[in-house]
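One-letter residues, chain by chain:
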Amino acid sequence: MLFTATLPLLLMQQAPAENVDWDAEFGVEEVARDPETGEIPVEPYEQSNANAGATPFDGEAMAAHFGGREGIRRIADRFTDLSFSDPRVAGIFAGHDEVRFRRTIFEQFCYILNAGCDYTGRDMRSSHSGLGSRKADLNAIVENLQQAMREEDVPFAAQNRFLAKLAPMSRDIVER
Amino acid sequence: MIKTIWPPAPAVATLALALIPAPLAAQDTTSTAEEPARAEGFAEYNAKLLLTNAVSTIDGASGGGISNWATIAGRQESRGIGVQAHVTAVLLPDYFYQSHGVALGIADRVELSYARQNFDTQDVGAALGIGQGYVLNQDVFGAKVRLLGDLVYGDPLVPQVSLGVQYKHNLDGAVAAAVGAADDDGVDVTLSATKLFLSHSLLVNAAARLTKANQNGLLGFGSVADDDYSLQFEGAVAYQFSRRFVIGGEFRSKPDNLGLGEDDWFDLFAAYAPTDNITLTAAYADLGSIATFTGQRGAFLQAQVAF
Ligand code: HEM
């Protein structure tokens, strides 16, 4: 019924000229992904492990609980997939660079878990400013991470020890 | 009629597509079926982490079973109004206690609660001359406001701190007066600090309560001899075994205004969330001496639903 109602609208619509550049018309700027990394370049910033927002664990125990670098990779990948497809935070993640996120979140986890990585991403405050995240969004993200860790059989106490490193970052992430 | 190129044909086509029943449109759009629960809703979804709305105290406020926590009831955060409702039973050697109530959590900031307490004196009623199976009743209206801090996030050493008031109205004033209580209603003021120490999977709660209540108010407030407020302490420690399961212990000190040998309370509890909205609690509670009948230890059971 609604379809029939919109049909006349469709038919009455004057066809746009063939050669309209819609991107220019709507001010869409082309974002070129780096051909090598597949990432969208970001504004230059100073790289430092301090940007990870937490000091790494001592020793190898935590990395072992997370299945070493391979396990951490799977957890970071799963966390990225879950978060970018999560309807609860869809509005925040939409349009952001999933390729870059996948890489930097892995580096951050790997660095904090002392599994032998450096973090090359931005600090938590500048990478989250303006996203308008609320505590409910943070909780959604934490649930996604918990699911990813659970699927890799990370013991619950170790999950919590890792979350303890991330939890204080709420001060830089939650905006309202 | 439509002279301008706005809205452009593609937009209208998309609109038309969106109006076609889902199966057709679905081919074109990937998994937008469950559109953001993020809408400007009144209540969004289960916005709180599991179990962080806590269970319901016998006074109706969110917390442990007997100690007041700084938590706010309901499963909503800053943009929602959460609600939780509970039924509690405590089976004791000489008494049967039952209570039920509801609590609203507004924007994870303010909690408003109500609980009705029914205390069946069973055989003790006859022994005390108030009648076999006489039931003492009380209404408790509570308000709690989160002052600062966060249960889970933020500075790991700064707890969530809340200030609460509870107005307790004993519905059996005659009995309260007969045992020597000065009043049949009273106000408690609570200050609670609660933190989940994630690095140890441990929740710790400490609370102070200004009160005149005798046996929580079921035997009235104050006494003719001692009608002053006293400062009491409540504590809880709980270990998180999983997102859904915790085991802990609680303590609550109490005044003995009536000189009946009123004891402090203890319990050991296990709380389990079979779904995101249900919490089941079972505890072994030691309530000591109640109205001179000592050794009141037994099972505390609670079912709670929260949204
Ligand atoms: C403690 C929790 C969190 C951690 C550890 C974390 C970590 C990160 C990291 C490492 C990056 C990459 C920074 C870079 O590109 O240089 C990032 C970006 C991002 N995060 Fe988070 N995040 C957290 C919470 C959240 C929350 C609650 C949201 C919103 C629901 C969110 C949304 C985003 C988005 C959209 C980006 C991409 C920003 C951009 O493309 O410019 N994050 N996060």
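Residues numbered from 1 in each chain as written. Chains lettered and ligands numbered in written order. Predicted model: local features only at pLDDT ≥ 70, side-chain atom pairs only at ≥ 80, totals over all residues. Heavy atoms only, no water.

Draft legend 1. Geometry of the overall build of chain B. The secondary structure content of chain B amounts to 4 helices and 14 strands. Expressed as a percentage of the 307 residues in chain B, the buried residues total 50%. As displayed, chain B has an accessible area near 12900 Å², and 67% of this comes from carbon and sulfur atoms. (Helix = DSSP H or I, 4+ residues; strand = E, 2+ residues; numbered from the N terminus. Buried < 20%, exposed > 50% of the residue type's maximum accessible area, 1.4 Å probe, protein only. Areas by Shrake-Rupley, 256 points an atom, 1.4 Å probe, with all protein chains shown as cover.)

Draft legend 2. Molecular detail of the site of the ligand. Residue and element names in this part refer to chain A. Near the ligand there are 23 residues, and of these His96, Arg100, Thr104, Arg122 and His128 occur at the shortest range. At 2.9 Å from an oxygen atom of the ligand is found a side-chain nitrogen or oxygen belonging to histidine 96. Contact between the ligand and arginine 100: an oxygen atom at 2.7 Å from a side-chain N or O atom of the residue. If you list the elements that add at least two residues to the shell around the ligand, you get helix H5 (90–93), helix H6 (98–112), helix H7 (124–128) and helix H8 (135–151). Per element, the largest residue contribution to the shell around the ligand is 5 residues, and it comes from H6. Across the shell around the ligand, the residue classes break down as 13 nonpolar, 7 polar and 3 charged. (Near = heavy atom within 4 Å. Polar contact = N/O pair within 3.5 Å; in protein donor to acceptor, adjacent residues only side chain to side chain. Nonpolar A, V, L, I, M, F, W, Y, C, P; charged D, E, K, R; others polar.)

Draft legend 3. Layout of the nonpolar core. One finds Phe66, Phe109, Leu145 and Phe162 of chain A to be the most contacted residues of the largest nonpolar core, which totals 83 residues. With sequence-adjacent residues up to four places away left out, phenylalanine 109 of chain A is seen in contact with Ile72, Ala76, Phe79, Leu145, Phe162 and Leu166 of chain A. (Core = buried A, V, L, I, M, F, W, Y, C linked by side-chain atoms within 4.5 Å. Contact = heavy atoms within 4.5 Å.)

Draft legend 4. Geometry of the state of the cysteines. Residues and elements named next belong to chain A. Applying the stated criterion across every chain, the model contains 1 disulfide over all chains. Two residues, cysteine 110 and cysteine 117, share a disulfide whose sulfurs are 1.9 Å apart. Its torsion about the S-S bond being 70 degrees, the disulfide of cysteine 110 and cysteine 117 is classed as right-handed. We classify cysteine 110 as buried; its relative accessible area is 0%. (Disulfide = S-S within 2.5 Å.)

Draft legend 5. Spotlight on the pairing of strand S9 (residues 202–211) of chain B. Residues and elements named next belong to chain B. What you see with S9 is a clean split: Leu203, Asn205, Ala207, Arg209 and Thr211 sit on the buried side and Leu202, Val204, Ala206, Ala208 and Leu210 on the side with no burial. As paired elements, strand S8 (residues 185–197) and S9 share 9 bridges and run antiparallel to each other. Bridged to valine 189 within S9 is leucine 210. Linking S8 to S9, which pair antiparallel, is a turn of 4 residues; within it serine 201 sits at a positive phi near 55 degrees. (Pairing = 2+ DSSP bridges.)

Draft legend 6. Just the sheet that holds strand S13 (residues 278–286) of chain B, in detail. All names here are of chain B. Taken in spatial order, the 12 strands of this closed barrel run S3-S4-S5-S6-S7-S8-S9-S10-S11-S12-S13-S14, and their pairing is antiparallel. Sheet twist, expressed as the mean angle between neighbouring strand axes with direction ignored, is 20 degrees. As judged from the 11 bridges shared by strand S5 (residues 110–120) and strand S6 (residues 135–148), these two strands associate in the antiparallel manner. Bridging from a neighbouring strand, tyrosine 114 pairs with phenylalanine 141 of S6. (Axes fitted to C-alpha atoms, helices over the stretch in contact; angles between N-to-C directions.)

Draft legend 7. Structural context of the confidence of the model for chain B. Residues and elements named next belong to chain B. This prediction gives chain B a mean pLDDT of 88; 86% of its residues lie at or above 70. Every residue in residues 1–43 scores below 50 in pLDDT, and together they form 48 contacts with partners more than four places removed in sequence or on other chains. Taken together, the chains of this predicted complex give a pTM of 0.86 and an interface ipTM of 0.84. (pLDDT = per-residue confidence, 0-100.)

Draft legend 8. Broad picture of the side chain of threonine 211 of chain B. Residue and element names in this part refer to chain B. Tracing the backbone shows threonine 211 in strand S9. At a separation of 2.6 Å, a polar atom in the side chain of threonine 211 contacts the side chain of aspartate 188. Ignoring anything within four residues of it in the chain, the contact list for threonine 211 reads Asp188, Asp228, Tyr229, Ser230, Gln232 and Pro255.

Draft legend 9. Structural view of unusual backbone geometry. Residues and elements named next belong to chain B. Look at aspartate 108: it is not a glycine, yet its phi comes out positive at around 50 degrees. Relative to the helices and strands, aspartate 108 resides in the loop between strand S4 (96–106) and S5. Here serine 201, not a glycine, exhibits a phi torsion of approximately 55 degrees, which is positive. With a relative accessible area of 1%, serine 201 lands in the buried category.

Draft legend 10. Broad picture of the environment of asparagine 118 of chain B. Residues and elements named next belong to chain B. Secondary-structure assignment places asparagine 118 in strand S5. Taking relative accessible area as the criterion, asparagine 118 reaches 16% and is therefore assigned buried. Spatially, the C-alpha atoms of asparagine 118 and leucine 136 are 5.7 Å apart, while their sequence positions differ by 18 residues. Setting aside its immediate chain neighbours within four residues, asparagine 118 contacts Phe96, Tyr97, Gln98, His100, Val135, Leu136 and Asn137. Within the structure, the side chain of asparagine 118 is placed 3.4 Å from the side chain of arginine 116, a separation counted as a polar contact.

Draft legend 11. Summary view of the coordination of the iron atom of the ligand. There is one protein donor for the iron atom of the ligand, namely His128 of chain A (NE2), at 2.0 Å. Mapped onto the fold, histidine 128 of chain A is located in helix H7. (Donors = N, O, S within 2.8 Å, 3.2 Å for Na, K, Ca; no water.)

Draft legend 12. Region of interest: the side chain of lysine 144 of chain B. Residues and elements named next belong to chain B. Structurally, the position occupied by lysine 144 is in strand S6. Polar side-chain contacts of lysine 144 include one of 2.8 Å to the backbone oxygen of serine 62. At 3.0 Å, the side chain of lysine 144 forms a polar contact with the backbone oxygen of threonine 71.

Draft legend 13. Just the pattern of salt bridges, in detail. The tally for this structure, following the rule as stated, stands at 30 salt bridges over all chains. Of the charged contacts, one joins arginine 125 of chain A and aspartate 172 of chain A as a salt bridge, the two residues approaching to 2.8 Å between their closest N and O atoms. One end of the pair, arginine 125 of chain A, is in helix H7; the other, aspartate 172 of chain A, is in helix H10 (residues 170–173), and 47 residues separate them in sequence. By relative accessible area, arginine 125 of chain A is classed as partly exposed at 48%. Glutamate 111 of chain B serves as the salt-bridge partner of lysine 144 of chain B, at 3.8 Å between the closest nitrogen and oxygen. Of this pair, lysine 144 of chain B sits in strand S6 while glutamate 111 of chain B sits in strand S5, placing them 33 residues apart in sequence. (Salt bridge = Lys/Arg side-chain N within 4 Å of Asp/Glu carboxyl O.)

Draft legend 14. Region of interest: the packing of aromatic side chains. Taken as a whole, this structure holds 16 aromatic pairs over all chains when the rule is applied. Taking the centre distance of 5.1 Å and the plane angle of 45 degrees together, the rings of tyrosine 114 of chain B and phenylalanine 141 of chain B count as tilted. Taken together, the residues span a long stretch of sequence, with tyrosine 114 of chain B in strand S5 and phenylalanine 141 of chain B in strand S6 at a distance of 27 residues. A centroid spacing of 6.4 Å and a plane angle of 70 degrees characterise the contact between phenylalanine 245 of chain B and tyrosine 272 of chain B, whose relative ring orientation is edge-to-face. In this pair, phenylalanine 245 of chain B is assigned in strand S11 (residues 245–252) and tyrosine 272 of chain B in strand S12 (residues 265–275), connecting sequence segments 27 residues apart. You can call tyrosine 272 of chain B partly exposed: its relative accessible area is 39%. Feature note: the residues Phe66, Phe79, Phe84, Phe93, Phe101, Phe109 and Phe162 of chain A constitute an aromatic cluster, connected by ring pairs. It is arginine 73 of chain A that lies over the ring of phenylalanine 106 of chain A; its NZ or CZ is 3.8 Å from the centre. Looking at lysine 165 of chain A, its charged tip hangs above the ring of phenylalanine 57 of chain A, at a distance of 4.8 Å from the centre. (Phe/Tyr/Trp six-rings, centres within 6.5 Å; stacked < 30°, edge-to-face > 60°. Lys NZ or Arg CZ within 6 Å of the ring centre and 35° of its normal.)

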